[in-house]
Amino acid sequence: MSSGARKIYVISDLHLGAGVHSSWKESMHEMFKSHPAGLDFRDTSEDKVLDPVFHDFIHWVVSNHEDEDVCLRFLGDTFDPLAVELDGRADFPQYEGDDVLRFQKIAAGHPEFIVALRFFCEQPRNYVEFVPGNHDLFLAWPVVQTEVVKLISPDHPERVRFLTSLAEDGVYFEHGATEPHNRFDLILKKNIIEEVGPLSGEVRRTLDVTQGHYLSRGLANPLMLIDFLIERMHIHGFVWLDILLHPFRRPWYRCRSFVFVLVAAYHLTKIFIFHSLSTLRHMRTKSGFMKILKVLWWTITGAIDGTTTKARAERYLREHDETDVVVLGHEHSPGEELLHIGNRPRKYFNVGAWIQMWERRVPSPSELTWKRFHRLQGLLLFLRDLFQSPELVSVMLFPVLVVSHDEKGERGVRFMRWDSEGKEIRDFTDQ
Ligand SMILES: [Mn+2]
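Only a predicted model underlies this, so the values are computations on that prediction, with no experimental measurement involved.

Participant: Sorry if this is basic, but what is going on with the pairing of strand 4 (residues 69-74) here?
Facilitator: Regular strands have side chains that alternate between both faces of the sheet. Bridging between strand 1 (residues 6-11) and strand 4 involves six bridges; their strand directions are parallel. Along strand 4, the bridge assignment pairs Lys7 with Val70. Bridging between strand 4 and strand 5 (residues 126-130) involves five bridges; their strand directions are parallel. Bridge pairing links Phe74 to Phe130 in strand 5.

Structure representation (structure tokens):
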């Protein structure tokens, strides 16, 4: 037998939608693309899908391994069927056939991504693993899985695997969605339920998706058409404040802002009524006013105590003494942290996202130069911000967690990133 060495590359949250060649409204929801700052967000002429970046990364991985098993593990939200519209189809309930069509639309929108994955799977010691996230729970459908395999590894179907979580060699992997409106069953087939038609009595299988699905489709998607930054900033507080403070301003990332609050209220009411009426038909759509308020609070602040991915990692480590490292995604914000749980240092990684996120550049406290009236200066800067468009910077880091096992079985975990300019993999903290 050849060497027992192996390498696992973990990436997360690519949110592939229908591609940039779809209608601009659909393209808006596509997150695996870059949009230049300053250009009206409805002008998608200069948008690029990031497929070439992925293509380069895959080719680097393939040419840097020979006598080794190589696993590419997607840690969830790889595909974003919630960003794909199907003409004349209701979003609810979510049926198998519709999800196949959604996947086909995503694949057609990202030919280069598919070709790169197929090239990866053609290598004899390579395999791909998909861990679903709250956005691509449609991977639970056997027919969607078949469709994925057919496209990326038709000759070697055994090189593609689907799992919901994985613990191996003291390292635990999961997407990490634990907010009340986003968590889902970690046993894939349990997410498929039988639904009895209220009038016909006909039994159909449907996906027991999370409430977050309906909030994405029914609230976030329509709002994205007014404000490009919706779902593209880690903490949404800025988006809401910006809209409330500048109802009539139209920066490149926003249009028709003065109706934003009305549109938001309209869609929220619609979802609320819809959910109240449909509780008998579906399991996870049950919602109450407090739950919706909690979700809104989470959207604005980016966190509810106990439901962050870090909290999830801490909980898991407390319950599993044999685990040293927890690797999650979901929050789109890469980082690593040393956690002292159970009298020994253990590690939590968040592999972030492979999509374009935006951050607002705020003057740091060190930029405040006044010796006296420090607070006043801060206040003046805040007031200046009220009248100026804030500076937004695009953040794309392509984080990759690399887990390696050498011939002796020694395990190493390194947080890296794909340098899309230099076309090489480097330490995450390297500039
Ligand atoms: Mn997620």
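Participant: Can you walk me through unusual backbone geometry in this structure?
Facilitator: Phi is positive for His330, close to 75°, though the residue is something other than glycine. Mapped onto the fold, His330 is located in the loop between strand 11 (325-328) and strand 12 (335-341). Exposure remark for His330: the 27 C-beta atoms within 10 Å place this residue in the buried category. Not every positive phi belongs to a glycine, and Phe398 is a case in point at roughly 50°. Residue placement: Phe398 occurs in the loop between strand 15 (392-395) and strand 16 (399-405).

Participant: Mind showing me how you'd approach the environment of Glu30 here?
Facilitator: Relative to the helices and strands, Glu30 resides in the loop between helix 1 (24-29) and strand 2 (33-34). Spatially, the C-alpha atoms of Glu30 and Asp324 are 36 Å apart, while their sequence positions differ by 294 residues. Look past the residues within four positions of Glu30 in its chain and what remains in contact with it is Gly17, Ala18, Gly19, Val20 and Ala83.

Participant: What is the right way to read the nonpolar core from this model?
Facilitator: With 73 residues, the main nonpolar core has Val10, Val326 and Val327 as its most contacted residues. Val10 has contacts with Arg73, Leu75, Phe173, Val327, Val351, Val400 and Leu401, leaving out every residue within four places of it along the chain. One finds Met224, Phe228, Ile230 and Phe260 within the second-largest nonpolar core, a separate group that totals eleven residues.

Participant: I keep staring at helix 5 (residues 142-152) and nothing clicks. Help me out?
Facilitator: At 3.6 residues per turn, the α-helix brings residues three or four places apart onto the same side. Among all positions of helix 5, only Val144, Val148 and Ile152 are buried. The buried residues of helix 5 occupy an angular sector of 55° when projected down its axis, which confines them to one face. For helix 5, exposure combined with an orientation more than 90 degrees from the buried face picks out Thr146 and Lys150. Next to the buried residues of helix 5 lie helix 3 (96-109), helix 4 (111-122), strand 5 and strand 6 (160-162).

Participant: I would appreciate a short explanation of the sheet that holds strand 11 in the present structure.
Facilitator: Whether parallel or antiparallel, the strands of a sheet pair through hydrogen bonds between backbone atoms. The strand order across the open sheet formed by five strands is 7-8-11-13-12, and the pairing between neighbours is mixed. Strands at the two margins of the open sheet, each flanked by one partner only, are strand 7 (165-168) and strand 12. Put simply, the sheet's adjacent strands are angled 15° from each other on average, direction ignored. Alignment of strand 11 against strand 13 (residues 344-350), held across four bridges, turns out to be parallel. Residue pairing across strands places Val327 opposite Phe349, the latter belonging to strand 13.

Calculation rules
Residues numbered from 1 in each chain as written. Predicted model: local features only at pLDDT ≥ 70, side-chain atom pairs only at ≥ 80, totals over all residues. Pairing = 2+ DSSP bridges. Helix = DSSP H or I, 4+ residues; strand = E, 2+ residues; numbered from the N terminus. Buried ≥ 20, exposed ≤ 12 C-beta atoms within 10 Å, placed from the backbone. Contact = placed C-beta atoms within 7 Å. Core = buried A, V, L, I, M, F, W, Y, C linked by C-beta atoms within 7 Å. Arc of directions from axis to C-beta. Axes fitted to C-alpha atoms, helices over the stretch in contact; angles between N-to-C directions.

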